[in-house]
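# Structural overview for review
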Amino acid sequence: MTIQTIVVPDLGGAETVEVIELGLSPGDSIEVEDSLLVLESDKATMDIPSPASGALVKYLVAEGATVKVGDAIAEIEVTGDAAVEAPEVEEVEQVAHEPVAEVAVETVPEPSPAGSTERTILVPDIGSDDKVELIEISVAVGDEVAEGDTLVVLESDKATMDVPSTHSGKVLKILVAEGDKLGTGDALALFEVTAEAAPVAAPAAKSEPAASAASAAPKAAAPAAAPVEPAAAAIQSAPGQPAQPAAVASVEPAALSDAAQVYAGPAVRLIARELGVALSEVPGSGPRGRILKDDVSNFVKQVMKNKAEPAAAVSGGSGIPAVPAIDFSQFGKIEELPMSKIQKLTAANMQRNWLNVPHVTQFDDADITELEAFRKGLKAEGEKRGVRVTPVAFLIKAIGAALEANPEFNRSLAADGQNLIQKHYCHVGMAVDTPRGLVVPVIRDVNEKGIWEISAEISLLAGKARDGKLKPAEMQGGCFTLSSLGAIGGNGFTPIVNAPEVGILGVSKSQMKPVWDGAEFVPRLLLPMALSYDHRAINGGDAGRFMTHLVKLLSDIRYLAL
Ligand code: CAO
């Protein structure tokens, strides 16, 4: 039995790296080249593969530890003939890093009749004779590309490389397709380069001969190593970390596809491709949101489960036939009005909530005769305080109390569709009708506030909403929504639940109506209310109790003081 200690290999410039993924458990068997652990410098993510077959004895470091060249990181028990002798540094170096190159893009000038310079952009020296796969073309014909913008993304089985442009100019022709296997010197694209950028041709392959397999990957991250700076490859830059300036920082997010933007190592990308998983849809649980192998397998499990149990999934609603497009001009004069951003968001949210939430709406009237008499009595004091008290303030106060007494309504379905999140705070959203569309500012901690304070916040938030001055934070965190059309009119309506909340109260215009008191009809002011709820989280009984409680609070506001 040979125990071999694995040490941090030559990092080619980076002084220290962080241990970001320990993928095995002691005793796990491992084959040559299987990833032992993942290290990350501020520029590159590196799988450290095993130099031999065997089993992991133990890791000598923890996730998050900072290590440097030569530090011992793991022990493996080597089996059979595959035992590798010390010194391990060299052994590990030889297998640890895929040659991912100082990717200096070589260009070939072409004669141009128009006087502009056409250049063919070639795959740079990738430090290996092996072909690597082109997984992403980040530009299109006709694009004006700035120097440093990513042209394509290449991927070997160990590393992903952004290949940036050494020139500013216009893409005349793309000479490759996604999935192509490319090697050093293969033509990538034809450019019409702009005058000032033309001289930057970088025969990097010649001035910096192909790096050895042992050192190429880390060096790709070291600015000093690349003879033509903008051409250096950005390998898997971590979100939130300083990326290689010329390679990634200048790339507009829209110019990169999901594949290039996600934060995942090469091994994870390989698995994702094999399984047909779009990494952009996979939530990463690693440091700084890095996507781990487990994240991919959990994602696949969840997708399979959702297929098997569609009713349990929180999202869905696919497979519904689209409404056919119609040319309305055949019926008369029309004009096309652009939707505001808020209108588009509202449309998307409403459709999502309507499709995903099994709605039930329950109706009742609250007798607000006394409430209104009391509210009107507050008018003089309100004027002194500069606060206008409308029925909405009482409704929000009553909703807070009803949520506290009926905690089922202060929940959300967890994203897995298997759990409920009980909230122990009480923030109520208020739908506000604005010229740009519907917005829902949130009044926080309503149970800790009185009618004056709530009234002042209603005025403030409704004003900000109408002026388009609401901050995103002021529209987040709602537990339940109130939609009041009382000032506008109507007998009733069925509001759509503002998921992931599970309930919404729609209030219409109060009206004097004759009410039988057991002896005679008496005139009472009745407020029509409609409570829509998510029947996955709320039962009819819960809703009945919530509504009855609300009616009681509004019909006799002394209960609000209890
Ligand atoms: N019945 C009768 N009168 C009512 C009432 C009701 N249910 N609710 C409010 N009113 C009265 C108020 O008392 C006020 O009259 P007074 O000044 O005489 O007291 C008047 O209507 C105007 O009230 P308001 O609308 O200015 O103020 P508010 O606090 O009642 O409402 C807000 C604030 C933001 C809820 C409201 O302005 C608004 O935007 N409502 C629309 C919400 C909406 O669009 N919902 C639909 C969403 S789903 O598409």
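Residues numbered from 1 in each chain as written. Predicted model: local features only at pLDDT ≥ 70, side-chain atom pairs only at ≥ 80, totals over all residues. Heavy atoms only, no water.

### Observations concerning the sheet that holds strand β8 (residues 72-78)
Put simply, the rule is: Between any two strands, at least two bridges found by DSSP are needed for them to pair. A helix here means a DSSP run of H or I that spans at least four residues, while a strand means a run of E at least two residues long, and both kinds are numbered starting from the N terminus.
Strand order in the open sheet formed by four strands is β1-β8-β6-β3, and the pairing between neighbours is antiparallel. Sheet topology places β1 (2-7) and β3 (29-30) at the edges, where each strand pairs with a single neighbour.

### Here's the deal with the environment of V446
Which entries qualify depends on this criterion: Any two residues having at least one pair of non-hydrogen atoms within 4.5 Å are treated as being in contact.
Mapped onto the elements, V446 comes out in the loop between β24 (442-443) and α12 (451-466). In this structure the C-alpha to C-alpha distance between V446 and G400, which are 46 residues apart in sequence, comes to 5.9 Å. Not counting chain neighbours up to four residues away, the residues in contact with V446 comprise I396, K397, G400, C426, V428 and I454.

### Points about the nonpolar core
We count it as follows: Nonpolar cores were defined as sets of buried Ala, Val, Leu, Ile, Met, Phe, Trp, Tyr and Cys residues, with membership established by side-chain atoms within 4.5 Å. Working definition: with a 1.4 Å probe on protein chains only, accessible area under 20% of the residue-type maximum means buried, over 50% means exposed, and in between means partly exposed.
The biggest cluster of nonpolar side chains holds 52 residues, and the ones touching the most others in it are I396, F409, L505, M529, L550 and L554. Among the secondary structure elements, those contributing two or more residues to this core are α11 (391-405), β21 (428-430), α12, β25 (480-484), β26 (503-507), β28 (521-534) and α13 (540-555). Looking at this core, the element that brings in the most residues is α11, giving nine residues. Counting residues in hydrophobic clusters, the runner-up holds 21 residues, among them I6, L11, L24 and M46.

### A short note on the site of the ligand
Let me state the cut-off plainly: Whether a residue is near a molecule or strand depends on its heavy atoms: if one lies within 4 Å, it is near. N or O atoms within 3.5 Å of each other form a polar contact, as long as, within protein, one can give a hydrogen and the other can take it, and as long as residues adjacent in sequence are counted only when both atoms are side-chain atoms. Method for areas: the Shrake-Rupley scheme with a 1.4 Å probe, in which residue coverage is limited to the protein chains shown. Charged means Asp, Glu, Lys or Arg here, nonpolar means Ala, Val, Leu, Ile, Met, Phe, Trp, Tyr, Cys or Pro, and polar covers whatever is left, Gly included.
Around the ligand, a shell composed of 21 residues is seen, among which T390, R466, S483, S508 and S510 lie nearest. S483 is positioned such that a nitrogen or oxygen atom in its side chain is 2.8 Å from a nitrogen atom of the ligand. Note that a nitrogen atom of the ligand is positioned 2.9 Å from one of the backbone N or O atoms of S510. For the ligand, whose free accessible area comes to 970 Å², the fraction covered by protein is 72%. Counting residues per element, the ones that place at least two in the shell around the ligand are α11, β22 (432-434), α12 and β25. Here the shell around the ligand is composed, by residue class, of ten nonpolar, six polar and five charged.

### Focus on the confidence of the model for the protein chain
Regions with low pLDDT should not have their predicted coordinates read in detail. Basically, it comes down to this: pLDDT gives the predictor's per-residue confidence on a scale running from 0 to 100.
In this model, the protein chain carries an average pLDDT of 79, and 77% of its residues clear a pLDDT of 70 or more. This stretch, residues 82-114, has a pLDDT under 50; its non-local contacts, to residues over four places away or in other chains, come to 114 contacts. Counting interchain partners and residues more than four positions distant, the pLDDT-below-50 stretch residues 197-260 has 161 contacts.

### Remarks on the pattern of salt bridges
Defined as follows: Just to be clear on terms, a salt bridge is a Lys or Arg side-chain nitrogen sitting within 4 Å of an Asp or Glu carboxyl oxygen.
A complete count under the given rule lists 13 salt bridges for this structure. Notably, a salt bridge pairs R385 with E381, separated by 2.9 Å at the nearest N-O pair. Of this pair, R385 and E381 both sit in helix α10 (residues 379-385), four residues apart, which is roughly one turn of that helix. For the salt bridge of K464 with E474, the shortest nitrogen-to-oxygen distance reads 2.6 Å. Linking K464 in helix α12 with E474 in the loop between α12 and β25, this pair joins segments that are ten residues apart in sequence. According to the relative accessible area criterion, E474 is buried, its value standing at 18%. What emerges from the salt-bridge pattern is a single network uniting E133, K181 and R273.

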